[in-house]
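Listed here are the chains, written in short residue letters.
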Amino acid sequence: MALKITVIGTGYLGATHAAAMAELGFEVLGLDVVPEKVAALAAGRVPMYEPGLEELLGRHVAGIGGSSGRLRFTTSWDELEHFGGDVHFVCVNTPQKHGEYACDMAYVDAAFASLAPRVKGGALVVGKSTVPVGSAGRLAGLLAEHAPEGVDLAWNPEFLREGFAVRDTLHPDRIVVGVDGDRAEKLLREVYAAPIAEGSPFVVTDFPTAELVKTSANSFLATKISFINAMAEVCEAAGGDVVKLAEAIGHDERIGRKFLRAGIGFGGGCLPKDIRAFMARAGELGADQALTFLREVDSINMRRRGHMVELAREAVGGSFLGTRVAVLGATFKPDSDDVRDSPALNVAGQIHLQGGQVTVYDPKGMDNARLLFPTLRYADSALEAVRGADVVLHLTEWREFRELDPAALGRVASHRVVLDGRNALDGAEWREAGWTYRAMGRPRA
Ligand SMILES: NC(=O)C1=CN([C@@H]2O[C@H](COP(=O)(O)OP(=O)(O)OC[C@H]3O[C@@H](n4cnc5c(N)ncnc54)[C@H](O)[C@@H]3O)[C@@H](O)[C@H]2O)C=CC1
Ligand SMILES: O=C(O)[C@H]1O[C@H](OP(=O)(O)OP(=O)(O)OC[C@H]2O[C@@H](n3ccc(=O)[nH]c3=O)[C@H](O)[C@@H]2O)[C@H](O)[C@@H](O)[C@@H]1O
């Protein structure tokens, strides 16, 4: 009989994980505490934007014509208990604590507290959320106290990227599991049999190492981005071109070309909060010196946002008062509707606070942006955002923006000045259409 799997927390990570588990042939129950989210998923609708996920839900959600019926969603812990899962994946959020660097474990703790008395004996609980090292050991103690006999814990961090979540879940470039016994490893090999058979490396380790793999991977990625953004600062001072520089150093396979796109830096619900939580945890462990470089990674990153604001202020003549600024992009990256810690919205918000009239357009992030920044103006298209603008800021590199017609935009803008915060537009094309095009870390033409 196929394993029964539950997924607790059906947000960006959990909704994708639940659908992917159904695709792999398991019977799956997803549980979340937000009824609207559960209602949408149960109707086969994705409550966020993630390419390919709606199709996957359509193939498996029970009650949808032609679906396998293997996937259901609920808000009820009693239903979860009745379902009798063999493996329970915990995918709840682990945000930054308000006003602190540390990770807020309240959601994980609440999920484990609800889950522990409801799992059946012999079940496996698998943590997927990104947590401070040491959490798994602590939570194993909680299970030992409150769960029935023979319930094991494993930690199985997730490495998916938003925008590629379905592909990354079904075809991961590695699967990492922290276990403290053979049984958990055996069950997880069964869960991930298909990707393992396809060649995904399966790395088995202890709890702390598994937890650290996740936070160190994100720290490395963040460091790579801040490294290239530091080079962008030097390029601007010296008259160099950071895009050429990234291409040239990236030819060295030891460095590689990926994650060297300079611009306004990284944001999102993970990299910023994960490096801060990692620093805070290292401090608690007495190893804070080891991670002081992450402080610099963070400050280089935050400086990029301020630098874009400066470039925009300079472009409008030294003060935003009485000026109109068009912002193309609200999400923290393209192909997502996620605006958590979005550099684009941060820049838009700073300019708004300094008296500029900011109009934002984003292909998928408008609803979330409106919730977070209700005082900004929003337009229904890039053309409408640019109408009457004194400067245009390109802050999230959606394909739609690369395909814009600069000549058409030039006819509605007040001034033809575009600042490319993602080094992704074709500067020559914009210049040909009469725009002053300026990119970050590149020479002024
Ligand atoms: N978003 C991403 O691309 C990735 C996220 N992660 C990690 O995965 C975790 C989840 O992240 P996201 O999915 O982005 O967050 P999210 O905020 O989109 O989803 C979390 C979900 O958990 C639910 N939840 C909270 N408390 C609950 C409880 N007690 N019981 C049941 N459900 C509960 C929330 O209602 C929400 O729907 C975080 O630790 C994050 O760092 C890891 C890799 C990728
Ligand atoms: O832990 C997580 O949640 C995830 O965090 C990141 O994934 P994600 O946040 O979806 O997005 P990325 O593609 O990593 O981009 C993060 C930010 O860095 C920026 N970025 C990325 C690459 C680059 O070269 N330059 C750059 O500024 C992006 O614009 C974006 O704001 C990691 O890439 C995933 O492996 C990880 O699982």
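Residues numbered from 1 in each chain as written. Chains lettered and ligands numbered in written order. Predicted model: local features only at pLDDT ≥ 70, side-chain atom pairs only at ≥ 80, totals over all residues.

Colleague: Explain the pairing of strand S2 (residues 27-31) to me, please; I cannot follow it from the model alone.
Modeller: Walk down a regular strand and you will see the side chains alternate between the two sheet faces. In terms of residue burial, S2 counts as a mostly covered element, since five of its five residues are buried. Going residue by residue along S2, you find Glu27, Leu29 and Leu31 tucked away on one face and Val28 and Gly30 tucked away on the opposite face as well. Note: strand S1 (residues 4-8) against S2, five bridges, orientation parallel. The residue bridging Val7 from the neighbouring strand is Gly30, located in S2. For the handedness criterion, the β-α-β arrangement of S1, helix H1 (residues 12-23) and S2 is classed as right-handed. Here S2 pairs with strand S3 (residues 71-74) via four bridges, running parallel. (Buried ≥ 20, exposed ≤ 12 C-beta atoms within 10 Å, placed from the backbone. Helix = DSSP H or I, 4+ residues; strand = E, 2+ residues; numbered from the N terminus. Pairing = 2+ DSSP bridges. Right-handed = clockwise from strand over helix to strand, strands pointing away.)

Colleague: What should I look at first to understand the UniProt feature "binding site: substrate" (unreviewed entry) in the chain in this one?
Modeller: Residues annotated by UniProt as "binding site: substrate" (unreviewed entry) correspond here to Phe159, Leu160, Arg161, Glu162, Lys214, Phe259, Leu260, Arg261, Ala262, Gly263, Gly267 and Lys333. Of the residues just listed, which span 175 residues, the most distant C-alpha pair is 24.6 Å apart, and they do not cluster in one region. Following the sequence through the fold, Arg161 ends up in the loop between strand S6 (152-155) and helix H7 (165-170). Exposure remark for Arg161: the 14 C-beta atoms within 10 Å place this residue in the partly exposed category. Counting through the fold element by element, Glu162 comes out in the loop between S6 and H7. Overall, Glu162 belongs to the buried group, with 25 C-beta atoms counted inside 10 Å. Each residue touching Glu162, except ones within four places of it in the same chain, is listed here: Tyr12, Glu50, Lys333, Ser336 and Asp338. (UniProt positions renumbered as here; feature names shortened; annotations may be inferred. Contact = placed C-beta atoms within 7 Å.)

Colleague: What am I meant to see in the sheet that holds strand S14 (residues 436-439) here?
Modeller: For sheets, the rule is that strands pair by backbone hydrogen bonds, running either parallel or antiparallel. Ordered in space as S11-S10-S9-S12-S13-S14, the six strands form an open sheet in which the pairing is parallel. Sheet topology places strand S11 (377-378) and S14 at the edges, where each strand pairs with a single neighbour. In the sheet, strand S13 (residues 417-420) pairs with S14 via four bridges, with the strands oriented parallel. Within S14, the position partnered with Asp420 by the bridge is Ala439. The sheet strands contacting helix H13 (residues 292-315) are strand S9 (324-328), strand S12 (391-394), S13 and S14, and the helix crosses S13 at an angle near 170°. Against the sheet, helix H14 (residues 343-353) makes contact with S9, strand S10 (357-361) and S12, and its axis sits at roughly 160° relative to S10, the strand it touches most. (Axes fitted to C-alpha atoms, helices over the stretch in contact; angles between N-to-C directions.)

Colleague: Explanation requested: the site of ligand 2 in the structure shown.
Modeller: Of all residues adjacent to ligand 2, which total 21 residues, the nearest are Glu162, Arg261, Phe266, Gly268 and Cys270. With three residues, helix H10 (residues 207-238) is the single largest residue contributor to the shell around ligand 2. (Near = placed C-beta within 6 Å.)

Colleague: How should I be thinking about the site of ligand 1 in this particular structure?
Modeller: Around ligand 1 lies a shell of 26 residues, among which Gly9, Gly11, Leu13, Ser129 and Thr130 are the nearest. When contributions to the shell around ligand 1 are tallied by element, the ones reaching two or more residues are H1 and helix H5 (106-115). Counted by class, the shell around ligand 1 contains 13 nonpolar, nine polar and four charged residues. (Nonpolar A, V, L, I, M, F, W, Y, C, P; charged D, E, K, R; others polar.)

Colleague: In this structure, what is going on with the packing of H10 against H13? I would like to understand it.
Modeller: For any two helices packed against each other, the geometry comes down to the angle between their axes and how far apart the axes lie. Viewed as axis vectors pointing N to C, H10 and H13 meet at an angle of 55°, and their least axial separation amounts to 9 Å. As the angle between them shows, H10 and H13 are arranged oblique. In this structure, H10 crosses over H13, and the sense of that crossing is left-handed. Where H10 approaches H13, its residues Ser219, Ala222, Thr223, Ser226, Asn229 and Ala230 are matched on the opposing element by Leu294, Val297, Ile300, Asn301 and Arg304. (Parallel < 35°, antiparallel > 145°, perpendicular 65-115°, else oblique. Left-handed = near helix turned anticlockwise from the far one by under 90°.)

Colleague: I would appreciate a short explanation of the domain arrangement of the chain in the present structure.
Modeller: Interface size is commonly expressed as the accessible surface area that is lost when the partners come together. By domain assignment, the chain separates into domain 1 (4-205) and domain 2 (206-445). Taking the mean C-alpha position of each, domain 1 and domain 2 sit 31 Å from one another. Contact with domain 1, which involves 27 residues of that partner, is made by 26 residues of domain 2. Of all the secondary structure elements, the ones that give two or more residues to the side of domain 1 that touches domain 2 are helix H6 (135-146) and strand S7 (175-178). Among the residues forming the side of domain 1 that touches domain 2, the class breakdown is 17 nonpolar, eight polar and two charged. (Domains from an automatic or database assignment.)

Colleague: What is the right way to look at the UniProt feature "binding site: NAD(+)" (unreviewed entry) in the chain in this model?
Modeller: In the numbering used here, UniProt assigns the feature "binding site: NAD(+)" (unreviewed entry) to Asp32, Lys37, Thr94, Thr130, Glu162, Lys273 and Arg340. Across 309 residues in sequence, these annotated residues place their C-alpha atoms as far as 23.7 Å from one another, rather than forming a single compact spot. Following the sequence through the fold, Asp32 ends up in the loop between S2 and helix H2 (35-42). Overall, the presence of 23 C-beta atoms within 10 Å leaves Asp32 in the buried class. Once residues lying within four places of it in the same chain are set aside, the contact partners of Asp32 are Gly9, Thr10, Lys37, Val38 and Thr75. In this fold, Thr130 is placed in the loop between strand S5 (124-127) and H6. By C-beta crowding, Thr130 is classed as buried, having 25 other C-beta atoms within 10 Å. Among residues more than four places away in sequence, those in contact with Thr130 are Thr94, Pro157, Lys214, Thr215, Cys270 and Asp274.

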